[in-house]
Protein chains: 2
Amino acid sequence: MQKGIIQLKRTPAVIASSSVVGSHEHEGPLGECFDLHDEDNTFGMKTWEKAESEMQRLALNCALSKCTLNANDLDAIFAGDLLNQCVSSSYGLLDFDVPYFGLYGACSTAAEGLILASMLYGGSVYDKCAVISSSHNCSAERQFRFPVEYGGQRAPTAQWTVTGAGAFILAEDTTGTHPVIADVYPGRAIDNGITDINNMGAAMAPAAVDTLTRYFTESGRSPDSFSMIVSGDLGSEGAAIVTDFMNANEKFKNKFGSNYVDCGLLIYNKDAQDKHSGGSGCGCSAAILASHILKLMRDRKIDDVIFMGTGAMMSPMSLQQGNSIPGIAHLVHLVTPEKLNREGN
Amino acid sequence: MQKGIIQLKRTPAVIASSSVVGSHEHEGPLGECFDLHDEDNTFGMKTWEKAESEMQRLALNCALSKCTLNANDLDAIFAGDLLNQCVSSSYGLLDFDVPYFGLYGACSTAAEGLILASMLYGGSVYDKCAVISSSHNCSAERQFRFPVEYGGQRAPTAQWTVTGAGAFILAEDTTGTHPVIADVYPGRAIDNGITDINNMGAAMAPAAVDTLTRYFTESGRSPDSFSMIVSGDLGSEGAAIVTDFMNANEKFKNKFGSNYVDCGLLIYNKDAQDKHSGGSGCGCSAAILASHILKLMRDRKIDDVIFMGTGAMMSPMSLQQGNSIPGIAHLVHLVTPEKLNREGN
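These remarks concern the structure in this document. Remember, predicted model here, so these are calculated numbers, not experimental data. (Residues numbered from 1 in each chain as written. Chains lettered and ligands numbered in written order. Predicted model: local features only at pLDDT ≥ 70, side-chain atom pairs only at ≥ 80, totals over all residues. Heavy atoms only, no water.)

1. What to know about the overall build of chain A
(1) Moving on: Helix and strand counts for chain A come out as 11 helices and 14 strands.
(2) Moving on: Taken over the C-alpha trace, chain A has a radius of gyration of 18 Å; the compact-globule value for 345 residues is 20 Å, and the two agree within 12%.
(3) Moving on: Taken over the C-alpha atoms alone, chain A extends approximately 55 × 50 × 35 Å along its principal axes.
(4) Moving on: The buried share among the 345 residues of chain A stands at 68%.
(5) Moving on: Here the analysis covers contacts within chain A between residues at least 6 apart in sequence; of these, 79% occur between residues at least 24 apart.
(6) Moving on: Carbon and sulfur atoms make up 49% of the accessible area of chain A, which totals about 11,400 Å².
(7) Moving on: Here chain A carries 25 positive and 39 negative side-chain charges, and the mean point of each set is 5 Å from the other. (Helix = DSSP H or I, 4+ residues; strand = E, 2+ residues; numbered from the N terminus. Rg over C-alpha atoms; globule rule 2.2 N^0.38 Å. Buried < 20%, exposed > 50% of the residue type's maximum accessible area, 1.4 Å probe, protein only. Contact = heavy atoms within 4.5 Å. Areas by Shrake-Rupley, 256 points an atom, 1.4 Å probe, with all protein chains shown as cover. Lys, Arg positive; Asp, Glu negative; His and termini not counted. Charge placed at Lys NZ, Arg CZ, Asp CG, Glu CD.)

2. Considering the nonpolar core
(1) Moving on: Judged by nonpolar contacts, the single largest core of 98 residues is most densely connected at F78 and M119 of chain A together with F78 and M119 of chain B.
(2) Moving on: Grouped together as the second largest cluster of nonpolar side chains are 82 residues, A13 and C67 of chain A together with V98 and A106 of chain B included. (Core = buried A, V, L, I, M, F, W, Y, C linked by side-chain atoms within 4.5 Å.)

3. Remarks on the packing of aromatic side chains
Residue and element names in this part refer to chain A.
(1) Moving on: Going through the model one piece at a time under the given rule, you end up with 16 aromatic pairs over all chains.
(2) Moving on: Relative to F226, the ring of Y215 lies with its centre 6.3 Å away and its plane at 45°, an arrangement referred to as tilted. Here Y215, found in helix α6 (residues 200-219), pairs with F226, found in the loop between α6 and β10 (228-231); they are 11 residues apart in sequence, far enough to count as distant. Each of the two residues, Y215 as well as F226, counts as buried.
(3) Moving on: One aromatic cluster is present, built from ring pairs that chain together Y185, Y215, F216, F226 and F252.
(4) Moving on: In this arrangement the basic side chain of R221 is found over the ring face of F226, its NZ or CZ atom lying 3.8 Å from the centre. (Phe/Tyr/Trp six-rings, centres within 6.5 Å; stacked < 30°, edge-to-face > 60°. Lys NZ or Arg CZ within 6 Å of the ring centre and 35° of its normal.)

4. Some points on the interface of chain A and chain B
(1) Moving on: Listed as interface residues are 62 residues of chain A and, on the opposing side, 63 residues of chain B.
(2) Moving on: Summing the contributions of chain A and of chain B, the shared interface buries around 5,100 Å²; its carbon and sulfur component is 57%.
(3) Moving on: Here chain A is connected to chain B by four salt bridges.
(4) Moving on: Of the charged contacts, one joins R188 of chain B and D97 of chain A as a salt bridge, the two residues approaching to 3.5 Å between their closest N and O atoms.
(5) Moving on: Where chain A meets chain B, there are 30 residue pairs in polar contact (both at pLDDT 80 or more).
(6) Moving on: Elements with a contribution of two residues or more to the side of chain A that touches chain B: α2 (48-66), α3 (87-92), β5 (100-102), α4 (109-122), α5 (137-144), α10 (316-320) and β14 (327-335) of chain A. (Buried area = accessible area lost by both parts, 1.4 Å probe. Salt bridge = Lys/Arg side-chain N within 4 Å of Asp/Glu carboxyl O. Polar contact = N/O pair within 3.5 Å; in protein donor to acceptor, adjacent residues only side chain to side chain.)

5. So, the relation of the copies chain A and chain B
(1) Moving on: Rotating chain A by 180° and moving it 0.0 Å along the rotation axis overlays it on chain B with an RMSD of 0.0 Å. The operation mapping one copy onto its partner corresponds to a two-fold rotation axis.
(2) Moving on: In this assembly, 100% of the residues forming the interface of chain A have copies in chain B that are likewise at the interface, indicating an isologous arrangement. (Least-squares fit on C-alpha atoms with pLDDT ≥ 70 in both.)

6. Some thoughts on empty space enclosed by the protein
(1) Moving on: Going through the model one piece at a time under the given rule, you end up with two cavities of 30 Å³ or more.
(2) Moving on: Computed from the structure, the largest cavity encloses a volume of approximately 280 Å³.
(3) Moving on: Taken together, 21 residues line the largest cavity, and the ones lying closest to its centre are C107, R145, T161, M200 and S280 of chain B.
(4) Moving on: Of all the secondary structure elements, the ones that give two or more residues to the lining of the largest cavity are α5 (137-144) and α6 (200-219) of chain B.
(5) Moving on: The class makeup of the residues in the lining of the largest cavity is 12 nonpolar, seven polar and two charged.
(6) Moving on: The computed volume of the second largest cavity comes to approximately 30 Å³.
(7) Moving on: Along its surface, the second largest cavity is lined by L83, Q85, C86 and Y104 of chain A together with L83, N84, Q85, C86 and Y104 of chain B. (1 Å grid on protein atoms, 1.4 Å probe; cavity = no way out; pocket = protein on both sides within 12 Å on 5 of 7 lines; lining within 4 Å. Points joined across faces, edges and corners; volume = space filled by probe spheres on them. Nonpolar A, V, L, I, M, F, W, Y, C, P; charged D, E, K, R; others polar.)

7. Observations concerning the pattern of salt bridges
(1) Moving on: On inspection of all chains with the given rule, the structure shows 30 salt bridges over all chains.
(2) Moving on: Note that K295 of chain A is salt-bridged to D299 of chain A, the shortest N-O span being 2.9 Å.
(3) Moving on: Residue classification places K295 of chain A among the partly exposed positions, given a relative accessible area of 44%.
(4) Moving on: The class of D299 of chain A is partly exposed, set by a relative accessible area of 39%.
(5) Moving on: Among the charged side chains, a network of salt bridges with common partners joins D97 of chain A together with R188, D210 and R214 of chain B.

8. Some remarks on the side chain of S280 of chain A
Residues and elements named next belong to chain A.
(1) Moving on: Relative to the helices and strands, S280 resides in strand β12 (residues 279-280).
(2) Moving on: Judged by relative accessible area, which is 11%, S280 ranks as buried.
(3) Moving on: Filtering out sequence-adjacent residues up to four positions away, S280 remains in contact with S135, Q159, W160, T161, V162 and D233.

9. Some remarks on the pairing of strand β13 (residues 304-312) of chain A
All names here are of chain A.
(1) Moving on: Of all nine residues making up β13, nine are buried, and the element is well covered by its neighbours.
(2) Moving on: Side chains D304, I306, M308, T310 and A312 of β13 all project onto a buried face; the interleaved residues V305, F307, G309 and G311 project onto the opposite face, where all are buried too.
(3) Moving on: In this structure, β10 lies alongside β13, joined through four bridges in parallel fashion. Along β13, the bridge assignment pairs S231 with M308.
(4) Moving on: Taken together, the nine bridges between β13 and β14 define a ladder with antiparallel strand orientation. For M308, the partnering residue across the bridge sits in β14 and is L331. (Pairing = 2+ DSSP bridges.)

10. So, the packing of α6 of chain A against helix α7 (residues 235-248) of chain A
Residue and element names in this part refer to chain A.
(1) Moving on: Interaxial distance between α6 and α7 falls to 8 Å at its minimum, and their mutual angle equals 35°. By crossing handedness, the relation of α6 to α7 is classed as right-handed. Contacts from G201, A202, A205, A208, V209, L212, T213 and F216 in α6 reach G238, I241, V242, F245 and M246 in α7. (Axes fitted to C-alpha atoms, helices over the stretch in contact; angles between N-to-C directions. Left-handed = near helix turned anticlockwise from the far one by under 90°.)

Fair warning: the whole summary comes from geometry, so function is off the table for now.
Below you can see the structure in the form of structure tokens.
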């Protein structure tokens, strides 16, 4: 039997997190939650790719300053993004003289990094780690679809790549106040044959259903026993598929839905901002977790949260060559320290 | 003080490894060491990218069969490659229903994966992991430079991307015969201002010098105390720079060189095969470690080896935008079980 849920022998706290976003995200319903934003989305840089790198740099600096740590205090950085060869991360984090692990988990990268850092903390290998992830609408459009200057029309099922970055510092919490990562569940790559590049939600949904189903089954917990279940960026298409499939399972019928949210649906105003199926990109779930979700936990409005990053592991070339789109869903289970102490781990 | 050398509380053995290469690599001086090769480099696939994915699939299957494990026995797979969005790995490993961590460490990916898997084994989080990495000359040329059909002339300092894949199974060795990973040293991204896309060796050399210097200093060991120091794919340019810099350091003067080899210089015949500065690519160090180096250790011809993967963390676009090339060097220290028992860890 494979290990599914990884119970952490030592549970790291998210002692600080920070979020950096663009103008559309700042204008959205959660605009006030984000730490930094830039009105023209350039962050003072001359190219969109450099702007994205700058967002990563700003996010990590901001997170470090919140917990009054220096980069030198970090044991390692786990980072990744959507750009070819993950250059937003490698260039954006060059200032930090810290062991660097480059990750590629598509839009699940924040969760992938949180899982790796948590497991290495859990195994007492590392004591302080940073996890960073980003996306930028204009660099992603140029790379995956068309340069924004082209003004191409978008399909109704398409999502809008979020301009955003999120950074997290995982370490021991001496104050006993910060949210804690109790256990993690790394996902498997799953390909159910979706080939529509304009419907990433549908491509990622099977992996999300797989991870959630296995997690609920192995943990013996019901979906409605969590205060919140957060998926990364399935958008309206993917979130609807996940809700349908979970409720089609006799075990979870009528137990999945009321506490379920998707970061892609939280970040923009559905009526006032024309974003079709919602937000997407590495920065979507990273920025929302780093701001809104962790704030709700710090304010003790929620105490038991599933955060599941979802990624579509394709490239424009793999689709041109007729491949379908594999999805992956990495799950992180966060609790308040009170919840952890009450129930143990 | 940051953690530099990670001493593993539990030391994983490389209980199996396998290598899959193309025709040029099979014709090279180590040709007989590789497990599988394909005369026309397509591996029965219709595109170079699918051929590369197939090499990863074959490499992992071959490694699993050598240690008579099933994919279901694995706790996790760590994999990556050079292609945009790491699609060789995500598609090539879809058959394996195992938790998947996508990595991007450029040509250092095999070492990055070995480090992460070793640390998670060391922390008793995982018991059995697979690490896989690959590159394919034709998919890399098409993506980073020109399609091979174009017949572009190559600069003298250019390296030849290896068509190859290497897979490693890390687990407990009940036989006490397999090479063991004693400690690891994750690298930092370092950018010394090299902007020549045709001289990756020079771009990666500063990171290699940084990692080696720190490692020798922290471990208190002299370079000539190891039976072999293996770098990933610095080629003749990069290897010469590293040798010069190490010998320019008063502490290591005349102690670095005689036991130093570079996988990029081992894989092709310098005279008979026109590969300019040598081999490169994720598959270069992965295939050579999986075959030649680990065979030397299994045959007890060497017992104390530094394996250092080197990567250039750029993209064609980052260079077009005027950035220089950051390098990274991840180090893995391998010993025979006898050596480990004799000296402890």
